[in-house]
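# Structure assessment
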Amino acid sequence: MYTSYFGFREKPFNLTPDTKFLFLSHHHREALDHLLFGINERKGFVVITGGIGTGKTTLSRALLSHLDPSTKTALIFNSFVTDEDLLKTIIQEFGIHVDREKTSKKDLIDALNSFLLDTFSHGGNAVLLIDEAQNLSQTCLEQIRMLSNLETDKEKLIQIVLMGQCELNELLATSFLKPLNERITVRYDVKPLDRKYIQEYVTHRLVVAGSRGDLRFTKGAIKKLYSYSRGNPRRINAVCDRALLIAYTEEKLVISRTMIKSAIKDSQGRITVDPLFISLSRNRIRAGVVMLFLVVIMVGLAGWNVGKHVPWPIFQEQKTLIAKPIYSAPMPPQPEKDKAGLILDEQTSIAGLFDLFKIQYGKDSLHTNSGHLGFVSLNIDPEFCEMLKKPFRLRLMGPSDSSLPHRRYLLVKKITDDGAMVVDTKGGTRHVSRDFILREWAHEVSWIYRCKDRPADLVEGISSPEVLDVQRILANASYRVEPSGTYDKRTLKAVMEFQRDFGLDADGVIGYKTRALLFQVSG
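From a predicted model like this one, the values you see are computed outputs, not experimental measurements.

### What about the sheet that holds strand E4 (residues 159–164)?
Strands sit in the order E2-E3-E4-E1-E5 across an open sheet of five strands; the sheet is parallel. If you trace the sheet from one side to the other, it starts and ends with strand E2 (71–76) and strand E5 (186–190), each paired once. The average angle at which neighbouring strand axes cross in this sheet is 15°, direction not considered. Sheet analysis places strand E3 (residues 125–130) next to E4, joined by four bridges and oriented parallel. Within E4, the position partnered with Leu 128 by the bridge is Ile 160. Strand contacts of helix H4 (residues 83–93): E2 and E3, with the helix running at about 140° to E2, the strand carrying the most contacts. Packing of helix H6 (residues 138–147) onto the sheet brings it into contact with strand E1 (45–50), E3 and E4, and relative to E4 it is tilted by some 155°.

### Examining the packing of aromatic side chains
Evaluation of the coordinates by the stated rule reveals twelve aromatic pairs. When the centroid spacing of 4.9 Å and the interplanar angle of 75° are considered together, the rings of Tyr 5 and Phe 6 count as edge-to-face. The partly exposed category is assigned to Tyr 5, whose relative accessible area is 27%. For Phe 6, a relative accessible area of 1% translates into the label buried. Measuring from centroid to centroid gives 5.6 Å for Tyr 5 and Tyr 248, while their planes differ by 70°, and the two rings are edge-to-face. With Tyr 5 in helix H1 (residues 3–6) and Tyr 248 in helix H11 (residues 233–249), this residue pair connects regions lying 243 residues apart in the sequence. Each residue in the set Tyr 2, Tyr 5, Phe 6, Phe 8 and Tyr 248 is aromatic and connected to the rest through ring pairs, giving one cluster. If you follow Lys 224 out to its NZ or CZ, it ends over the ring of Phe 384, 5.5 Å from the centre.

### Examining the pairing of E5
Of the two faces of E5, the one holding Val 186, Tyr 188 and Val 190 is buried and the one holding Arg 187 and Asp 189 is not buried anywhere. For E1 and E5, the ladder comprises five bridges, and the chain directions are parallel. What sits directly across from Val 47, in E5, is Arg 187.

### Things to note about H6
The buried fraction of H6 amounts to seven of the ten residues, a majority that puts the element mostly inside the structure. Within the sequence span of H6, burial applies to Cys 140, Leu 141, Glu 142, Gln 143, Ile 144, Arg 145 and Leu 147.

### Considerations on the packing of H4 against H6
Where H4 meets H6, the closest approach of the two axes is 8 Å, and the angle between their N-to-C directions is 45°. For the element pair H4 / H6, the angle class is oblique. Considering how the two elements wind past one another, H4 and H6 form a crossing that is right-handed. Seen from H4, the contacting residues are Asp 83, Leu 86, Leu 87 and Ile 90; seen from H6, they are Thr 139, Cys 140, Gln 143, Ile 144 and Leu 147. Grouping the constituent residues of the contact of H4 with H6 by class yields six nonpolar, two polar and one charged.

### Let's talk about the pairing of strand E10 (residues 409–416)
In terms of burial, E10 is largely enclosed, as six of its eight residues are buried. The pairing of strand E9 (residues 392–396) with E10 spans four bridges and is classified as antiparallel. Among the inter-strand pairings, Arg 395 is bridged to a residue of E10, identified as Tyr 409. For E10 and strand E11 (residues 419–423), the ladder comprises five bridges, and the chain directions are antiparallel. Each bridged residue has a counterpart across the sheet, and for Val 412 the counterpart in E11 is Val 422. The hairpin turn running from E10 into E11, its antiparallel successor, is two residues long.

### Brief notes about the pattern of salt bridges
Per the counting criterion, the structure on display carries 18 salt bridges. Across the salt bridge formed by Asp 83 and Lys 105, the nearest N and O atoms sit 2.4 Å from each other. You can see Asp 83 sitting in helix H4 and its partner Lys 105 sitting in helix H5 (residues 105–121), a full 22 residues away along the chain. On the accessibility criterion, Lys 105 (35% relative accessible area) is partly exposed. Among the ionic contacts, a cluster of salt bridges with common partners joins Arg 195, Arg 230, Glu 386 and Arg 434.

### Some details on the nonpolar core
In summary, soluble globular proteins display a tendency toward joint burial of nonpolar side chains. Grouped together as the largest cluster of nonpolar side chains are 52 residues, with contacts concentrated most on Ile 380, Leu 410, Trp 447, Leu 474 and Phe 502. In terms of residue count, strand E13 (residues 441–452) provides more of this core than any other element does, six residues in total. Residue contacts for Leu 410: discarding those within four places in its chain leaves Leu 342, Phe 392, Arg 393, Leu 394, Leu 396, Val 422, Phe 436 and Ile 437. In this structure, Leu 87, Ala 111, Ala 126 and Ile 158 belong to the second largest nonpolar core, which totals 36 residues.

So, how was this worked out
Residues numbered from 1 in each chain as written. Predicted model: local features only at pLDDT ≥ 70, side-chain atom pairs only at ≥ 80, totals over all residues. Heavy atoms only, no water. Pairing = 2+ DSSP bridges. Helix = DSSP H or I, 4+ residues; strand = E, 2+ residues; numbered from the N terminus. Axes fitted to C-alpha atoms, helices over the stretch in contact; angles between N-to-C directions. Contact = heavy atoms within 4.5 Å. Phe/Tyr/Trp six-rings, centres within 6.5 Å; stacked < 30°, edge-to-face > 60°. Buried < 20%, exposed > 50% of the residue type's maximum accessible area, 1.4 Å probe, protein only. Lys NZ or Arg CZ within 6 Å of the ring centre and 35° of its normal. Parallel < 35°, antiparallel > 145°, perpendicular 65-115°, else oblique. Left-handed = near helix turned anticlockwise from the far one by under 90°. Nonpolar A, V, L, I, M, F, W, Y, C, P; charged D, E, K, R; others polar. Salt bridge = Lys/Arg side-chain N within 4 Å of Asp/Glu carboxyl O. Core = buried A, V, L, I, M, F, W, Y, C linked by side-chain atoms within 4.5 Å.

Pasting the structure below:
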């Protein structure tokens, strides 16, 4: 639909494993090097694993173009087979002729061995590549191990490549497959794309598809794309394909952060399912509550009957244990010992904010002649936590969330790649995981900021040094704006997008809340 509009020869973000679109990141290059090393050096077994959508299948097909012409290959992409069917498929893929009368396992293995010896005698090699190998049965994997016994005194006659999801490693680690696992000398786990490769990946696919160079993704779009996909190529492709359709309908050649956000929602049926920011849907919550309610009733009825024959103290304890799991969360609960000393009350958390501000800006920072310090609380989605550069206080979720005197807070000193550094009740600094933060996130974020006494709102048409500062902050935060000192239409659009992202009224007016937010995201 949009290919002719953008001048593409074909869609750049199809989900099919097309080898010409393969982007060799650092991880994919290393995976390919491991494959070639294991095959060319006749190591016998090579295992390549990786998460869903990381590009293993595309990599396996691209491998063929890097092999010597004398190398014979058998590719198996359907791993839901019996051990006998597996043997027949291997024979078929190698193009080995077998008499119809000779269909026993011994006949098939003898035919395969003759083929391998003939290939070896002519200086060739043979590669058996099985994709989605985590689906193979233990008997199939044992059959594969037996095939590796086809060898000369010095060389392996067949090189076997197993490619699969991470569960393949768990399967190979079982005691039954220990003899096979010990024969594997070359292994590699394909990781998602690093953040720095996202822009290159997108550009690579656009160029291969025939881009004229006039279509581009903004820095904010790339940042949002990584935030959602965490570098998973399949997720990137799905969102980018949808974003291009949105750009086509709006007749634009620039993919913005807002378009990526819309594409994520559209691709998930209007429900954003971010790998790092997973939340239960309302329907699942309702269904879970209903099921829990029914279970409690059933257990209660059973307990009523049993209670007649059981001493009361024991029966009472059983009811208490059953009633505990009423509060549920989308992730497994954090052990209580990990929470110990991290949860602060209202007064302690505010005092901690002022202490952190004083440490960062000096002892005299709490007293200024040119203005004053402000305290602001905003509801911010967890997907934007990485943009928060200054210390902040996060309200935590919990059963007492609606009761003001019992509100619980986390004092975040700094966001890190894998979580955050927080201040505990003793004033020390501790690291907490990203999962813990996201599970406990209750949207309300508070911080202290510097502000002028009664500053005038900044609106379109104003030119001032303060406008220039705003433009620089927005540009550093990957919003599309040119620092000029004049509040022009481009700046207005960037400010409105910034306000929408953080849940503010997108009026384009830079008032005290927008100023506070700009202070927070500034480096």
